[in-house]
Amino acid sequence: MLERQIAPYGTENPAELMDSFYQIGTEMLLELRNLVTSPEERKQARTWGAVDATKMVGVSAPTFRKLQKEYNIPGIIIEEAEKNRKIKKYTLSAINSLREKAQTRYFRPEGSAPLIIAVTNLKGGVGKTETAVDLGKKIAMEGMRSLLVDLDAQGTATLVSSGRIPDLEIPYDKTITNSLMNSPKNIEEIVLKTHFDGFDIIPANLAIQDCDLMLPNDKVNNHEHLGSPFERLKAALEIIKNQYDVIIIDCGPNIGFLTLNSIIACNGMIIPIPPSMYDYSSFVMYTATLSNMFKNLPKKPLDYLRIIISKHPGSNEALQMENMMREQFGRYILSNHMCETVEVPKAANEIGTIYDVTRPRGSREAYRRALQHLNDVNMEIINNFKDIWRIQAERNSQTERSSKVEV
Ligand SMILES: Nc1ncnc2c1ncn2[C@@H]1O[C@H](COP(=O)(O)OP(=O)(O)OP(=O)(O)O)[C@@H](O)[C@H]1O
Ligand SMILES: [Mg+2]
């Protein structure tokens, strides 16, 4: 009461107030998380029904059944209590085994290299995390291997991909901090499997802010042993990169040392920009920063660079903005855009993304449309990646052939 009289619109004790917000907030998050995921196993493996699984394997329904019987790859039997029936569902790992038997699984060609893609933009809230997480999942759904590196201290990608509450359930030494500050090899121990087989993550929590403070400080950044503080992520990813087809780095909305490390470590970039004047102008400013960064990096080509028009509301103003951006940035803008849709926050309320939804709440049609947009964007990117790998592999085999001729 007294507090209200002294500071009617504020607080006499911000520290205490924030602490109570933190306590209440984390309790709420835990409760919510436990409602939608099993606390022991965090998130249960994502499964697909027989029709979707057959499509994913890329065979006819009779062939699917035949393969399943022949190789004894059972689905998981799930009881649907409310409908009083049992149905079969398939995990990605079962689907991938069936793909292998049917010889429909895609394998990155020999002679190609993993892509390391920084999803970046200086502006906050443009859809970096959403883009990064869903791309990682879709790559796994296509039978490939992806790793998401959460480099944002907010830990949203970690929460949504692992079901773990970053500050409560990710210990300090299980984030990238230890790898970047002390021992790059440690990176092998911090990779977490997710509920999508083939999609792993390196989690983050508030503690990774330490990197942005310590890396620039020569007294504590361990440069005598580990060298340049800008190249730590590159060195750490070098150790594990061959276990993946694509490594996606979810950058925070800043240009601190972690973001600089991502730009140096990556060989590709995806920049989400919503079609609005503020987002556009912020991106233009970011290009000046990026240009300076690249000028300071001797000969650093990018194998991949695409802008994704994100959170497109479909209004006339947004369409005008989109047209202008397409005129200016041409082929660097993906043909498909991601629409702004209520399906994203709906999935987020259940600590997930659109790809986690097995039974849409509300309109099925609205969910189907959102999923279609997301799939179109991600498949365009994945097909670009496959093209890059094909070119790399062809180039490598040509070089090999010509060096044999010279011998
Ligand atoms: N296609 C979409 N439709 C509707 N809402 C979206 C869409 N994509 C993202 N959002 C919402 O917009 C907000 C910001 O998205 P996201 O966290 O992906 O952005 P970000 O660029 O990673 O933000 P930050 O810079 O804070 O890390 C979130 O609340 C997210 O749920
Ligand atoms: Mg983010």
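Everything quoted here is computed from the prediction, not taken from an experiment.

Cut-offs applied
Residues numbered from 1 in each chain as written. Chains lettered and ligands numbered in written order. Predicted model: local features only at pLDDT ≥ 70, side-chain atom pairs only at ≥ 80, totals over all residues. Helix = DSSP H or I, 4+ residues; strand = E, 2+ residues; numbered from the N terminus. Rg over C-alpha atoms; globule rule 2.2 N^0.38 Å. Contact = placed C-beta atoms within 7 Å. Near = placed C-beta within 6 Å. Nonpolar A, V, L, I, M, F, W, Y, C, P; charged D, E, K, R; others polar. Axes fitted to C-alpha atoms, helices over the stretch in contact; angles between N-to-C directions. Parallel < 35°, antiparallel > 145°, perpendicular 65-115°, else oblique. Left-handed = near helix turned anticlockwise from the far one by under 90°. Pairing = 2+ DSSP bridges. Buried ≥ 20, exposed ≤ 12 C-beta atoms within 10 Å, placed from the backbone. Domains from an automatic or database assignment.

Asker: Now, about the overall build of the chain: what can you tell me, with residues and values included?
Answerer: When you go through the chain residue by residue, the secondary structure sums to 18 helices and ten strands. Taken over C-alpha atoms, the radius of gyration comes to 23 Å for the chain, in line with the 22 Å a tight globule of 407 residues would show. Each principal axis of the C-alpha distribution contributes one length, and for the chain these read about 75 × 70 × 50 Å. At a minimum sequence separation of 6, the contacts of the chain that also span at least 24 residues come to 79%.

Asker: An account of the site of ligand 1 is requested, with residue identities and associated values reported.
Answerer: Lining the immediate surroundings of ligand 1 are 19 residues, of which G124, K128, T129, E130 and P253 lie closest. Counting only elements with at least two residues in the shell around ligand 1, the list comes to α6 (128-141) and α17 (343-349). For the shell around ligand 1, the class distribution of residues is six nonpolar, eight polar and five charged.

Asker: Account for the packing of helix α3 (residues 50-57) against helix α5 (residues 92-102), with residues named and values stated.
Answerer: Packing of α3 against α5 leaves a shortest axis separation of 9 Å and a crossing angle of 45°. One way to sum up the angle between α3 and α5 is to call them oblique. In this structure, α3 meets α5 at a crossing whose hand is right-handed. Touching A53, M56 and V57 of α3 are I95, L98, R99 and A102, all from α5.

Asker: Please set out the sheet that holds strand β9 (residues 268-273) residue by residue, giving values where relevant.
Answerer: The mixed open sheet is built from seven strands, whose spatial order is β6-β7-β5-β8-β4-β9-β10. In the strand order of this sheet, the two ends are held by β6 (192-193) and β10 (304-309), each with one partner. Bridge analysis of β6 against strand β7 (residues 199-202) gives two bridges, and the strand direction is antiparallel. Following the sheet pairing, L192 is matched in β7 by I201.

Asker: Could you give an account of helix α14 (residues 257-265), naming the residues involved and the relevant values?
Answerer: Within α14, eight of the nine residues are buried, which leaves the element mostly enclosed by the surrounding structure. For α14, the set of buried residues is F257, L258, T259, L260, N261, S262, I263 and A265. The secondary structure elements touched by the buried residues of α14 are β4 (115-119), β5 (146-151), α11 (209-214), α13 (232-240), β8 (246-251) and α15 (277-295).

Asker: Tell me about the packing of α13 against α14, and please be specific about residues and values.
Answerer: Two elements in contact, α13 and α14, have axes whose closest approach is 7 Å; the angle formed by their N-to-C orientations is 50°. Compared by their axis directions, α13 and α14 come out oblique. The crossing of α13 and α14 is right-handed. Every residue of α14 that contacts α13 at R232, L233, K234 and L237 is listed here: N261, S262, I264 and A265. Of the residues belonging to the contact of α13 with α14, the class tally is four nonpolar, two polar and two charged.

Asker: Go over the pairing of β7, please, and point to the residues and values.
Answerer: Here β7 shows two buried faces, one formed by F199 and I201 and the other by D200 and I202. Pairing of β5 with β7 involves four bridges; the strand directions are parallel. Across the sheet, residue L148 finds its bridge partner in β7, namely I201.

Asker: Got a sec to walk through the environment of R359? Specific residues and values, please.
Answerer: Position of R359 among the secondary structure elements: in the loop between α17 and α18 (364-406). Classification of R359 as exposed rests on a count of 7 C-beta atoms within 10 Å. Along the chain, R359 and M214 lie 145 residues apart, while their C-alpha atoms are 45 Å from each other.

Asker: Please set out the pairing of β8 residue by residue, giving values where relevant.
Answerer: Burial analysis of β8 places six of its six residues in the buried class, the great majority of the element. Both faces of β8 are covered, namely the face carrying V246, I248 and D250 and the face carrying I247, I249 and C251. As defined by bridge partners, β4 adjoins β8 across five bridges and the pair is classed as parallel. Counterpart to V119 in the pairing with β8 is D250. Direction of pairing for β5 relative to β8: parallel, over a ladder of six bridges. Across the sheet, residue D150 finds its bridge partner in β8, namely D250.

Asker: Any details on the domain arrangement of the chain? Residues and values, ideally.
Answerer: Parsing the chain into structural domains produces domain 1 (47-102) and domain 2 (115-384). One C-alpha centre belongs to domain 1, the other to domain 2; they are set 31 Å apart. With six residues of domain 1 at the interface, the matching set in domain 2 holds six residues.

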